[in-house]
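These are the residues of each chain, in order.
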Amino acid sequence: MLGWIVALVAVAVATSSAVRTYQARREAYGASARAELNERQAKAAEARTLALTEEIRQLARRRIPAAATALSHRTAPVPGLREAAGIDGEAARLLGEAVQAARTAVLEERGRVDAAARSAMRGTSAKIQSLLNQSQHLLHELQHEYDDPRILQLDFRNELALRRTQATAVLCDAWPGLARQNSSLVEVVLGAQSRVPGYERIKVANHLRQERLALVARAAEPLAIALAELLANATAYSHPDTEVPVTVQQTAGRGALILVDDAGIGMDDDALERARTLLSGPSEVLLTELGDPPRTGFAVVGRLIARYGFSCHIESSPYGGMRTILRIPAHLLTVMDDDRALSVLAPKPVHARGTGAPEPSGPQDPAATTGPVGHLPAEPVAPTSAEPAEPAGRAPAAEAEAPPAELPTRRRRARRTDSPEPSTTRPQTVEEPTLRTPEQAGAAWAALQEGTLSGRKAPGPPAQAPPAASPSDDLGDDET
Amino acid sequence: MTPGPGRRLIPAYLVTGGRSAPTGPALDRLAVLIRTESSLPPDTGSEQRRLCELLEPGALTVVECAAHLELPVSATVFLATDLVAAGHLHARPPIPSAGEIARSLVERLLVGLRSLH
């Protein structure tokens with residue numbers, strides 16, 4: 001019995017000890033597992049810190065500088081996080097915010113610096129502009145006083161300087177610097193032409209239906225500036241031997257178009273994209289974005305477009321280079337008062353001939369009859385081309401009929417001076433004029449008269465009136 | 001083309017076509033221009049056409065043409081020399097105003113006349 005009890009106790013002890021060792025072992029295992037976990041967590045935290053440090057280093061050394069560079073060079077790559085999994089979302093977001101904050105700060109500072117530079121330039125260019133305007137007035141007076149052609153060249157140099165200054169001023173948000181009255185569209189085009197080096201290569205074709213179509217006062221100078229920049233581009237980027245055709249025409253919707261073509265080198269895609277961005281009239285153009293040396297042309301046009309409401313489009317030209325199209329909406333157009341004469345230099349409209357469709361000539365006729373001034377200039381053109389063609393084309397037999405038909409005096413005289421050239425065929429008629437032309441006779445007599453006159457009033461200086469009057473005098477004598 | 005307070009739109013040098021001096025013999029401001037019978041080619045500039053129209057009724061001096069065209073004389077000379085070169089105009093040098101008669105010549109003439117007696 002006792003043996004059973006002892007055995008039972010022993011079993012119980014053994015069992016309990018077995019249980020205890022099992023528990024102890026389990027506890028030990030748990031402790032080691034916890035320690036391992038702690039260790040692993042510590043390692044992970046260390047790795048996270050390391051990753052975070054690396055990311056911060058990346059932020060300081062790569063991402064922020066790259067983000068700042070990318071503000072001025074759009075194509076520059078901006079690196080992101082080194083390994084997105086290495087840090088948690090919150091840290092990544094904050095790092096992104098840091099980049100963003102740096103960007104904003106740089107942008108603000110850049111805007112501030114640029115505005116300061118613009119305002120400094122604006123002040124300077126306004127001053128230069130007014131000085132150049134003054135010298136232009138002086139040159140204008142000199143031109144009418146002295147006959148030296150170098151004054152014309154000087155005037156041109158002055159105009160070039162004025163254009164540069166004015167363009168800079170416009171780029172710096174200044175107003176164009178002067179007010180104009182309503183100005184004829186063709187005259188504005190010529191004005192723009194005169195401001196460009198190589199202006200002699202620019203050929204203006206006037207296809208307007210209304211000759212006196214004009215720009216409203218506030219748009220006249222801005223358009224001249226914008227067009228001058230486009231023309232300067234066209235002449236600068238095309239070969240000096242090529243022409244730059246400019247076409248002025250009216251659109252169906254009462255607006256007007258100015259087309260500038262060049263046979264130049266054209267533009268690559270990047271340049272074209274940049275030009276189109278600038279020409280879309282952005283609200284702000286930074287001086288720092290113009291490059292070095294600054295390419296101001298399209299930027300100036302863009303500034304003016306944003307402010308005055310015309311538009312500009314650029315594309316490849318059928319002439320080989322680029323074609324820029326300046327579109328002037330109807331609300332910027334008007335018609336000039338009849339009492340203001342157009343400049344002699346303004347090319348006359350070319351309707352009817354060449355590419356002119358029959359349609360434009362239809363509306364043009366009523367316009368010509370209502371506006372008498374519009375009709376007048378067109379008239380003399382036709383007779384001059386038709387009239388001289390007649391004597392030149394016909395045989396000598398026609399000469400006999402011609403004089404009685406028209407009032408003869410000038411024609412007869414002119415024909416004699418003309419006849420020596422076809423003389424080889426008709427020798428006998430040539431004899432008369434070679435003896436003494438009416439001009440020579442008149443000149444001889446006038447000289448004699450003047451000689452006696454000046455001889456009589458002996459000490460008097462040779463007055464300026466006699467020579468000026470003498471040509472008309474001697475013409476009067478000829479007629480008898 | 002009055003030099004008003006604003007900036008003039010079309011400068012006179014535009015007619016020079018970028019040249020620094022007229023191509024051809026120099027024209028005096030009092031040289032007389034006469035239109036010939038030749039017909040102008042269709043691509044003639046409007047300012048040249050206008051100058052020829054001015055001269056249709058009769059001759060004018062360069063300075064008078066300049067006044068009509070409202071251009072300076074220096075610019076008109078460019079136009080005129082081009083048209084003269086193309087044969088559309090005749091240019092005649094100004095008639096020199098007769099100078100004072102040389103006194104010695106008159107004296108010698110007097111001596112000669114007296115010696116005839």
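Up top is the structure.
Being a predicted model, the structure only gives us computed values, none of them experimental.

Peer 1: Please give an account of unusual backbone geometry that cites residues and values.
Peer 2: Within the chain, Arg254(A) stands out as a residue other than glycine whose phi angle is a positive 65 degrees. By the secondary structure assignment, Arg254(A) is in the loop between β4 (244–250) and β5 (256–261). Non-glycine residue Glu70(B) carries a positive phi angle of around 55 degrees. Mapped onto the fold, Glu70(B) is located in the loop between α2 (62–69) and α3 (73–85).

Peer 1: Requested: an account of the sheet that holds strand β3 (residues 213–215) of chain A, with residues and values cited.
Peer 2: Residue and element names in this part refer to chain A. With antiparallel pairing, three strands are arranged side by side in an open sheet as β1-β3-β8. Each edge of the open sheet is held by one strand with a lone partner, namely β1 (183–184) and β8 (333–335). Here two bridges tie β1 to β3, and the two strands are oriented antiparallel to one another. What sits directly across from Ser 183, in β3, is Leu 215.

Peer 1: Could you give me a rundown of the packing of helix α3 (residues 150–171) of chain A against helix α5 (residues 217–236) of chain A, with the residues and numbers involved?
Peer 2: Residue and element names in this part refer to chain A. Where α3 meets α5, the closest approach of the two axes is 11 Å, and the angle between their N-to-C directions is 110 degrees. Taken together, the axes of α3 and α5 are roughly perpendicular relative to one another. Crossing of α3 against α5: the hand is left-handed. On α5, the residues that touch Arg 163, Gln 166, Ala 167 and Val 170 of α3 are Glu 221, Ile 225, Ala 228, Glu 229 and Ala 232. For the contact of α3 with α5, the per-class residue count stands at five nonpolar, one polar and three charged.

Peer 1: Let's hear about the side chain of Arg323(A): which residues, and what values?
Peer 2: All names here are of chain A. The residue Arg 323 is located in strand β7 (residues 322–328) in this model. We classify Arg 323 as buried; its relative accessible area is 18%. Non-local contacts of Arg 323, meaning those with residues more than four positions away in its chain, are made with Leu 259, Val 260, Asp 261, His 313, Ile 314, Glu 315, Ser 316, Ser 317 and Pro 318.

Definitions and limits used
- Residues numbered from 1 in each chain as written.
- Chains lettered and ligands numbered in written order.
- Predicted model: local features only at pLDDT ≥ 70, side-chain atom pairs only at ≥ 80, totals over all residues.
- Heavy atoms only, no water.
- Helix = DSSP H or I, 4+ residues; strand = E, 2+ residues; numbered from the N terminus.
- Pairing = 2+ DSSP bridges.
- Axes fitted to C-alpha atoms, helices over the stretch in contact; angles between N-to-C directions.
- Parallel < 35°, antiparallel > 145°, perpendicular 65-115°, else oblique.
- Left-handed = near helix turned anticlockwise from the far one by under 90°.
- Contact = heavy atoms within 4.5 Å.
- Nonpolar A, V, L, I, M, F, W, Y, C, P; charged D, E, K, R; others polar.
- Buried < 20%, exposed > 50% of the residue type's maximum accessible area, 1.4 Å probe, protein only.

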